[in-house]
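In case you want the letters, here they are:
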Amino acid sequence: MTYYLGIDCGGTFIKAALFDEFGTMLACVRENVPLISEQAGYAERDMPQLWQICAKVIKKTIEQSGVSATEIKGVGISAQGKGAFLLDQQNQPLGRGILSSDQRSLDIVKQWQQTGIPEQLYPITRQTLWTGHPVSILRWLKENEPERYANIGAVLMSHDYLRFCLTGDLFCEETNISESNLYNINTQQYDPELAELLGLPGMTEKFPPIVKANQIAGYVNEQAAQLTGLAQGTPVVGGLFDVVSTALCAGLDDETKLNVVLGTWSVVSGVTDHIDDSQSLPFVYGRYAQEGKFIIHEASPTSAGNLEWFVKEWGNLSYQAINDGIDELPITESAVLFVPFLYGSNAGLGMKSGFYGIQSHHNKMHLFQAIYEGVLFSMKYHLDRMLQRFPNTQVLRITGGPAKSRVWMQMLADLTGMKIEVPAIEETGCLGAAMMAMEGTQGRAMPFTAKQQCFTPNTQNFTIYQKKYQRYQKFVSALQSLL
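Counting from 1, residues in each chain are numbered in the order their sequence is written. This being a predicted model, a pLDDT of at least 70 is required before a residue's local features are given, and a value of 80 or more before pairs of side-chain atoms are given or counted; all residues contribute to the totals for chains, interfaces and linings. Computation of side-chain values covers all heavy atoms of the structure but excludes hydrogens and water.

1. Side note on the packing of aromatic side chains
- Only Phe, Tyr and Trp rings take part, Trp by its six-membered ring, and two of them pair if their centres are within 6.5 Å. Stacked means planes under 30 degrees apart, edge-to-face means over 60, and tilted covers everything else. Inspection of every chain in the model, using the stated rule, returns 14 aromatic pairs.
- Judged by centre distance (5.5 Å) and plane angle (55°), the rings of Tyr190 and Phe207 are tilted. Here Tyr190 is found in strand 11 (residues 189-190), whereas its partner Phe207 is found in the loop between helix 8 (192-197) and strand 12 (210-211), with 17 residues between them in sequence. The same class applies to Tyr190 as to Phe207, namely buried.
- These aromatic residues form a ring-pair network of at least three members: Phe310, Phe338, Phe355 and Phe368. Comment: elements are numbered from the N terminus, with helices defined as DSSP H or I runs of at least four residues and strands as E runs of at least two. Remark: exposure states derive from per-residue accessible area (1.4 Å probe, protein chains only) relative to the maximum for the residue type, with buried under 20%, exposed over 50%, and partly exposed in between.

2. So, the nonpolar core
- By nonpolar core is meant a set of buried Ala, Val, Leu, Ile, Met, Phe, Trp, Tyr and Cys residues that side-chain atoms within 4.5 Å join together. In this structure, Ile7, Ile14, Tyr161, Leu166, Ile398 and Met409 are the most contacted members of the largest nonpolar core, which totals 127 residues.
- It is helix 13 (residues 364-389) that provides the largest number of residues to this core, a total of 12 residues.
- Residue ranges for the domains originate in an automatic or database domain assignment. Two domains each provide a minimum of three residues to this core, namely domain 1 (3-238) and domain 2 (250-482).
- What makes two residues a contact is simply this: any of their non-hydrogen atoms within 4.5 Å. When sequence neighbours within four positions are dropped, the list of residues in contact with Met409 reads Leu262, Ile398, Pro402, Ala403, Ile420, Val422 and Phe455.
- By size, the runner-up hydrophobic cluster in this structure holds 31 residues, among which are Val244, Val271, Ile425 and Leu431.

3. Comments concerning the sheet that holds strand 22 (residues 395-399)
- Strands were regarded as paired on the criterion that DSSP finds at least two bridges between them. The sheet built from seven strands is open, its strands ordered 18-19-17-16-22-23-24 with mixed pairing. Of all strands in the sheet, those bounded by a partner on one side alone are strand 18 (284-287) and strand 24 (452-455). This sheet shows a mean twist of 30° between the axes of neighbouring strands, independent of strand direction.
- Pairing geometry for strand 22 and strand 23 (residues 419-423), over three bridges, is parallel. Axis definition: a line fit to C-alpha positions, over the contact stretch in the case of helices; interaxial angles, taken between N-to-C directions, run 0 to 180 degrees.

4. As for the UniProt feature "domain: Carbohydrate kinase FGGY N-terminal" (unreviewed entry) in the protein chain
- UniProt positions are given in the numbering used here, feature names are shortened, and annotations may be inferred rather than shown by experiment. The feature "domain: Carbohydrate kinase FGGY N-terminal" (unreviewed entry), as annotated in UniProt, sits at residues 3-249 in this numbering.
- End C-alpha atoms of residues 3-249 are separated by 18 Å, and the span's content is 36% helix alongside 25% strand.

5. Re the pattern of salt bridges
- The salt bridge criterion pairs a side-chain nitrogen of Lys or Arg with a carboxyl oxygen of Asp or Glu, the two atoms within 4 Å. The full count for this structure, using the stated rule, is 24 salt bridges.
- Across the pair Glu145 and Arg148 runs a salt bridge whose closest N-O atoms are separated by 3.2 Å.
- In this structure Glu145 comes out as partly exposed when scored by relative accessible area, which is 26%.
- Put simply, Asp160 and Arg163 hold a salt bridge, and the shortest N to O gap is 2.6 Å. Remark: Arg163 and Asp160 occur in helix 6 (residues 158-167); sequence separation between them is three residues, near one turn of the helix. Assigned by exposure class, Asp160 and Arg163 land together as buried.
- Each of the salt bridges in this network shares a partner with another, and the network as a whole consists of Glu38, Glu44, Arg96, Asp102 and Arg104.

6. Brief notes about the domain arrangement of the protein chain
- For the protein chain, the domain assignment lists domain 1 (3-238) and domain 2 (250-482).
- A separation of 24 Å is found between the C-alpha centroids of domain 1 and domain 2.
- On the side of domain 2, 40 residues touch domain 1, which itself brings 50 residues to the contact.
- Buried surface area refers to the total accessible area, computed with a probe of radius 1.4 Å, that the two partners give up upon joining, counted for both partners together. In total, domain 1 and domain 2 occlude about 3,300 Å² of area from one another, counting both sides; carbon and sulfur atoms represent 62% of this.
- Of all residues in domain 1, the largest losses of buried area upon contact with domain 2 belong to Tyr4, Arg126 and Asn214, amounting jointly to 18% of the total for that side.
- In this structure, the connection of domain 1 to domain 2 is made through four salt bridges.
- The residue Glu427 makes a salt bridge to Lys15 at a minimum N-O spacing of 3.1 Å.

7. Some thoughts on the layout of surface pockets
- Within this scheme a cavity is a closed region of a 1 Å grid, computed over the protein atoms alone, that accommodates a 1.4 Å probe without allowing it to escape, whereas a pocket is open but has protein on both sides within 12 Å along at least five of seven lines; lining residues each have an atom within 4 Å of a point. Grid points are joined across faces, edges and corners, and a volume is the space filled by probe spheres set on the points. Its boundaries defined by the atoms lining it, the second largest pocket holds a volume of some 260 Å³.
- The wall of the second largest pocket is formed by 14 residues, among which Trp51, Tyr161, Phe164, Cys165 and Gln223 lie closest to the centre.
- Going through the elements one at a time, helix 1 (47-65), helix 6 and helix 9 (222-228) are the ones with two or more residues in the lining of the second largest pocket.

8. Quick look at helix 3 (residues 117-125)
- Ile117, Pro118, Leu121, Tyr122 and Thr125 are the residues of helix 3 that are buried. Taken end-on, helix 3 shows its buried residues confined to a sector of 125°, consistent with a single buried face.
- Contacts made by the buried residues of helix 3 are with helix 2 (106-114), strand 10 (183-184), helix 8 and strand 18.
- Arg126, located one to two residues past helix 3, shows a positive phi value of around 60°. As used here, the arc is the angular range of directions from the helix axis to the C-beta atoms.

9. Points about the packing of helix 12 (residues 319-327) against helix 14 (residues 406-416)
- Look at helix 12 against helix 14: their axes get within 9 Å of each other, and the N-to-C directions meet at 45°. If you check the angle between helix 12 and helix 14, you find them oblique. On helix 14, the residues that touch Asn323, Ile326 and Asp327 of helix 12 are Arg406, Val407 and Met411.
- The residue inventory of the contact of helix 12 with helix 14, partitioned by class, reads three nonpolar, one polar and two charged. In this scheme, roughly parallel covers angles under 35 degrees and roughly antiparallel covers those over 145, while 65 to 115 is roughly perpendicular and the rest are oblique. Amino acids outside the nonpolar list (Ala, Val, Leu, Ile, Met, Phe, Trp, Tyr, Cys, Pro) and the charged list (Asp, Glu, Lys, Arg) are all regarded as polar, and Gly is one of them.

10. Section: the UniProt feature "domain: Carbohydrate kinase FGGY C-terminal" (unreviewed entry) in the protein chain
- Under the UniProt annotation, "domain: Carbohydrate kinase FGGY C-terminal" (unreviewed entry) lies at residues 258-438.
- From the first C-alpha to the last, residues 258-438 spans 25 Å; its make-up is 38% helix and 22% strand.

11. A closer look at the pairing of strand 5 (residues 72-79)
- Among the eight residues of strand 5, seven are classified as buried, and the element is accordingly described as predominantly covered.
- Judged from the seven bridges that link them, strand 1 (residues 3-9) and strand 5 form a sheet pairing that is parallel. Along strand 5, the bridge assignment pairs Leu5 with Val75.
- Note that strand 5 and strand 15 (residues 240-241) share two bridges and pair parallel. The partner of Ala79 across the bridge, within strand 15, is Phe241.

Structure follows, in structure tokens:
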């Protein structure tokens, strides 16, 4: 038996899980990684601290599994996309890592939009432009921290940084870097002309070589082996953008299925083998982990992170108690609306979160119900757009924390009128990364099966939810007039 370690670096936690060659998980350890937000719009991480926590969860996972480190034949890392983790010219962390939810470059992105830059980029990159892209962050640094900008030696994303800590080798992984706005989707290479257009001349030279998701990108070095408990010389593959990882685990193999990820981000993904130029919407295309395929996704940081914040600050309740409380309320009867824009918006740059419609007879559960609904209403904006590109969709496969809530999933089925399937996979980020590790080291796919929990829509509730969703849309439109 051989074993494969998958690491998942998300918006809240970093996790490590060990799998056998059939996808059975033997052990999993996770730990919170502090998000630093000392100014409005900032979302950062201490890079050395991130690596230390990563090393710790790897070590604990190996210890809990009882597997000898020499039996672990490969390591893969899945991580949230975009952001910027910078190294200086001595390959040391250059300040804090900046996450994809960071919004300090808001004014720069607005200026780009006003001057038509996104429209010039899209045919080459198949990307939109927003604050969390590496290029937006880099342009902000150039204008506001020129000394730091001038000292950049390498631009990485979070899994590239952690892979560097494990191996000492610098690469940028393709499924993630293909959505950087410096990657030409046609040539599959960095494009210096894109950097010029964005006011970042010479910046493509700071991006390390591109490595594929299942390609060996280095080997665990002596220092990392001592910290993690991994055997020195263990292969480490490129890894994955976490959206790609969840799509792999959801079994997206044709255009009749979409994957909905509900985590810190709300993401709706589909997989295709071609770019469709007939579409009127600027769909985001990224390289998929399978050769010749693309992942298309719509996303915003408007999902379950809103609930986590509310529970932490105001709730003082278990998730089970919240589910039970919402389950006792009449379907959509409450007039309370919630816009889930704590960490960003899909309705306009700079929009904020909030409740509307609270009256004296409402209680805490009505607010929780509004959060559940608001998260799904925001997701439905992305789903409706994706259904234009994937009109033959028959099923939604859901991953992320809310997928554990029967109440939330039935609410989703009733809102969309579609069949909902929840794969029984605990850690899709870790599993997808481990799958890439096995492919890269053994040359074969990891066979795994996952039972599906299914939810079918209630037609009466569907009608009721459509009316409330229309109220939500009108509320968001009213808020847009305040910008």
